2 protein chains.
Amino acid sequence: MSGDADPQSTASRPDDQTGPETLTTAHGAGTAEMRDLLTETVVPRLALAGGTDGLGLTALDDGAVLPTDGDSLVVTTDSHVVDPPEFPGGDIGTLAVAGTVNDLAAMGVTEPLALTCGLVVEAGTPEPLIERVLDSMGRLAETVGTRIVTGDTKVVPAGDVDGVVVNTAGVGFVPPGAHLPTAGLSPGDRLLVTGPVGDHGVALLAEREGFEFATDIESDVAPVDDLVAAAREAGQVTAATDPTRGGLATALIELATASEVGIDLDGRAVPVADPTESAADVLGLDPLRVACEGRLVLGVAPEDAAAVRDAVRARSAGDEAALIGRAVDDHTGRVVVDTGIGERYLTEASGEQLPRIC
Amino acid sequence: MSGDADPQSTASRPDDQTGPETLTTAHGAGTAEMRDLLTETVVPRLALAGGTDGLGLTALDDGAVLPTDGDSLVVTTDSHVVDPPEFPGGDIGTLAVAGTVNDLAAMGVTEPLALTCGLVVEAGTPEPLIERVLDSMGRLAETVGTRIVTGDTKVVPAGDVDGVVVNTAGVGFVPPGAHLPTAGLSPGDRLLVTGPVGDHGVALLAEREGFEFATDIESDVAPVDDLVAAAREAGQVTAATDPTRGGLATALIELATASEVGIDLDGRAVPVADPTESAADVLGLDPLRVACEGRLVLGVAPEDAAAVRDAVRARSAGDEAALIGRAVDDHTGRVVVDTGIGERYLTEASGEQLPRIC
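Position numbers for residues count from 1 along each chain, tracking the sequence in the order it is written. Numbering of ligands from 1 and lettering of chains from A proceed in the order in which they are written. For a predicted model such as this one, the threshold for reporting local features is a pLDDT of at least 70, and the threshold for listing and counting side-chain atom pairs is 80 or more; totals across whole chains, interfaces and linings nevertheless cover every residue. Calculation of side-chain values draws on the structure's entire complement of heavy atoms; hydrogens and water are dropped beforehand.

Q: What's the story with the packing of aromatic side chains in this structure? I'm lost.
A: The description of two aromatic rings rests on the distance between their centres and on the angle between their planes. By convention, a stacked pair of Phe, Tyr or Trp rings (six-membered ring in the case of Trp) has centres within 6.5 Å and planes under 30 degrees apart, an edge-to-face pair has planes over 60 apart, and any other such pair is tilted. Summed over all chains, the structure comprises zero aromatic pairs over all chains. Against the face of Tyr345 of chain A rests Arg334 of chain A, its NZ or CZ located 3.6 Å from the ring centre. Counted as over-ring charges are cases with an Arg CZ or a Lys NZ within 6 Å of the ring centre that also lie within 35 degrees of the ring normal.

Written as structure tokens, this is what we have:
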């Protein structure tokens, strides 16, 4: 028996085992891995029921457009898990309401009809925290002029969730054909961002890590429905998306991919607030790759670009709007950034590079 | 100094501290505490934006009814956290789709237009589990004849959630005034339950606890939209709700409270499957107080009661439907159950009596 290998020493140890693939946080935040998870695992299964081509799921858009006898019904949903649940400039409640209002706005719905609120709360959570979060949701809904009309609240044993998970879905109507797709860019269209990027992600990470030097940075979380309305009044808006997870980089790559165009980005034109730039530098973050929660990226017909920019700038929430690039008939699905000292492809964050900032 | 009390011995110990009130699992599952949390904490804050009276939130209905130019739009939402995520008869995916379809059905929507899917997945979750859950969702949506049109998927660090949290929202249209309220009972209306109660809760708890004797009990999770359609074709249905958390007891009390009537329940007429009754007995559960996920309670005009019951029984999912009681102009908001050996008030589960079975 001495010739036999000791099974204890040759058996796979737990950390060597290659069992079924597990999901990791690399799938977490606007990464290439997340895109693969969505296109290869989630969408094919949920879209079994068919009929969704070009309408939401299969287009990986911000929401779905459902034809009805009259206007089209737009539906969107978002789940939020945020650490910490309260941060400079907002909390998980403002994030949920603004996030859903903004997804609707990015679909062209500027008068959101109604929101839902699904709460999962961990037992042991202080009730005042939940009260503040709910107050934030109610107040922001009122500011936007929408209503939270139905909900679902569950309190689950400690450990089933960490703190509170908030899901909001939103519905609204647009006239037939008047929704704003992610896939609407044509070569020549200009790209507009409605304000400085990266504030939300940097503020949240600074708060989480207790970096005192960054305490003057506030999340940009805010509804942008009025900016979409102002932009569309001023000119032809062809495409829209909101740069949340993965930041501006992911948003631009999604626009380019969905629209089957390339994008040339003028890196020096992208607005980034000075404190955010400094803090991002210390934290090792790229402001173009962390989440915004109160910004939009719009595609605009070239002849209307200046008028649309000026109309957005006339609103306080858009006063730093900037034209940052253009769609081109080249390098389809890719974004070339001119940094001022050279050109490079803008890549999506991959794997664990991105701290989880939803 | 010896006269001073030792601060170490007189200070409140951690477990004596009465800091801010925290939420507990007593708020978890169709309990009186949950009702208080909803009416005192959640609804007043979310309904700040006003205009929801009688439409969903303030009515604590299964969903909200939004008037539009044509048909009314019904919106509903549900979050699911289930331990274990797969159980005899279904999984968290079937539960999410059936739950939302059934909330819509309980509002009178028998052709659900679309569902959303918000997933929050814990890093480390095996991908095959997620694939099976998604397959379940896609297949059940197809069976029902609806579509999952948009979604949101987040993978979060281990510990942020336990396994997977699924939120589904649903939308559908009903002709103006044709929705089914929880508040629609009038004295004299008969109460119909569409099948045996308690199977889901007992099956889930038996699975969780590893009780081998109960392995032949399957969850009743199933869509009931066709039962609502059959019932309404056969006669006047005045009210509806689905007995999920808190089971039949909570559903009846909600119907009585919302409708401002009393309910007299014939306890002997309530269908409970024998294996479920036996297992519930061993587990210390009351089948009337644990969740169903494929049943409805309908209020029916008395003259149509037999016809509606027969129409529901003609569908395989409703073949054990039973008339179990009537609405009365007495003991408003309360349910009196005749057990055959006496009468008593049916009480909602309170506090920790209920294992968490969503």
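Q: Just checking my understanding: could you explain the relation of the copies chain B and chain A for this structure?
A: In this arrangement, two copies of a chain are superimposed by a rotation about an axis accompanied by a shift along the axis. If you rotate chain B by 180° and push it 0.0 Å along the axis, it lands on chain A with an RMSD of 0.0 Å. The relationship between the two copies is best expressed as a two-fold rotation axis. Across chain B, the smallest distance between a C-alpha and the rotation axis is recorded for Val161 of chain B, namely 2.0 Å. In what follows, residue pairs with any heavy atoms lying within 4.5 Å of each other are defined as contacts. Mapped onto chain A, 100% of the interface residues of chain B are again interface residues, and the two copies thus contact each other with one and the same surface. Overlaid copies result from least-squares superposition on C-alpha atoms, with residues included only where pLDDT is at least 70 in both.

Q: Help me out: how do you make sense of the nonpolar core in this one?
A: A general tendency of soluble globular proteins is for nonpolar side chains to be buried together. Working definition of a nonpolar core: buried Ala, Val, Leu, Ile, Met, Phe, Trp, Tyr and Cys residues. They are joined through side-chain atoms within 4.5 Å. Type-normalised accessible area, obtained with a 1.4 Å probe on protein chains alone, sets the label of each residue: buried when under 20%, exposed when over 50%, and partly exposed for intermediate values. Ranked by size, the top nonpolar core spans 39 residues in total, and within it Met137 and Ile148 of chain A carry the most contacts. Listing elements by their share of this core, those giving two or more residues are α3 (92-106), β5 (114-122), α4 (127-144), β6 (148-156) and β7 (164-174) of chain A together with α2 (32-46) of chain B. With eight residues, the single largest contributor to this core is α4 of chain A. Formed by 33 residues, the second largest nonpolar core is a distinct cluster that contains Leu38 of chain A together with Leu95, Leu129 and Val164 of chain B. Put simply, DSSP marks the helices as runs of H or I at least four residues long and the strands as runs of E at least two long, and each gets a number from the N terminus on.

Q: Explain the pattern of salt bridges to me, please; I cannot follow it from the model alone.
A: Salt-bridge detection follows one rule: a side-chain nitrogen of Lys or Arg within 4 Å of a carboxyl oxygen of Asp or Glu. Applying the stated criterion to the full structure yields 24 salt bridges over all chains. Its salt-bridge partner being Asp310 of chain B, residue Arg309 of chain B comes within 3.2 Å of it at the nearest N-O pair. Judged by its relative accessible area of 22%, Arg309 of chain B falls in the partly exposed class. When salt bridges with common partners are traced through the structure, they connect Asp78 and Arg245 of chain A together with Asp152 and Lys154 of chain B into a single cluster.

Q: When you look at the sheet that holds strand β9 (residues 237-241) of chain B in this model, what are you seeing that I'm missing?
A: Through backbone hydrogen bonds, the strands of a sheet pair up, either in parallel or in antiparallel fashion. All names here are of chain B. With mixed pairing, the seven strands of this open sheet are ordered in space as β9-β11-β8-β12-β10-β13-β14. Two strands bound the open sheet, and with one partner strand each, they are β9 and β14 (343-346). Going across the sheet, the axis of each strand differs from the next one's by a mean of 30°, ignoring polarity. Here strand β10 (residues 262-266) runs beside strand β13 (residues 335-338); their pairing, made up of four bridges, is parallel. Paired with Asp266 across the strands is Asp338, a residue of β13. Helix axes are fitted to C-alpha atoms over the stretch in contact, other axes to C-alpha atoms as well, and angles between N-to-C directions run from 0 to 180 degrees. Strands β8 (190-193), β9, β10, β11 (297-300), β12 (322-328), β13 and β14 of the sheet are contacted by helix α7 (residues 247-259), whose axis makes an angle of about 135° with β9. At least two bridges found by DSSP between two strands are what make those strands a pair.

Q: What is the right way to look at the interface of chain B and chain A in this model?
A: Interface size is commonly expressed as the accessible surface area that is lost when the partners come together. On the side of chain A, 82 residues touch chain B, which itself brings 82 residues to the contact. In this assembly, chain B packs against chain A so that about 6800 Å² is buried in total across both faces, 66% of it on carbon and sulfur atoms. Across the contact surface, chain B and chain A share eight salt bridges. Put simply, Asp152 of chain B and Arg245 of chain A hold a salt bridge, and the shortest N to O gap is 3.2 Å. Under this definition, polar contacts are N or O atom pairs within 3.5 Å; protein pairs additionally need one hydrogen-donor-capable and one acceptor-capable atom, and for neighbouring residues in sequence, both atoms have to be side-chain atoms. Joining chain B to chain A, the criterion identifies 22 residue pairs in polar contact (both at pLDDT 80 or more). Looking at the side of chain B that touches chain A, the elements with two or more residues in it are α2, β1 (64-66), β2 (72-80), β5 (114-122), α4 (127-144), β6 (148-156) and β7 (164-174) of chain B. Among the elements that make up the side of chain B that touches chain A, the one with the highest residue count is α4 of chain B (11 residues). In terms of residue class, the side of chain B that touches chain A is made up of 40 nonpolar, 26 polar and 16 charged. As used here, buried area is the combined drop in accessible area, with a 1.4 Å probe, of two parts when they are placed together. Note that Gly is not counted as nonpolar here; it falls among the polar residues with everything else outside the nonpolar set of Ala, Val, Leu, Ile, Met, Phe, Trp, Tyr, Cys and Pro and the charged set of Asp, Glu, Lys and Arg.

Q: Just to check I follow, could you spell out helix α8 (residues 274-283) of chain B for this structure?
A: Along an α-helix, residues three or four positions apart point the same way, because every turn accommodates 3.6 residues. Residues and elements named next belong to chain B. Within α8, burial applies to Thr276, Ala279, Ala280 and Leu283. Down the axis of α8, the smallest arc covering the buried residues is 105°, so these residues share one side. In α8, those exposed residues whose orientation departs by more than 90 degrees from the buried face are Asp274, Asp281 and Val282. Against the buried residues of α8 lie α5 (199-209). Once α8 ends, the next one or two residues include Gly284, with phi positive near 75°. This arc is taken over the directions from the axis of the helix to the C-beta atoms.

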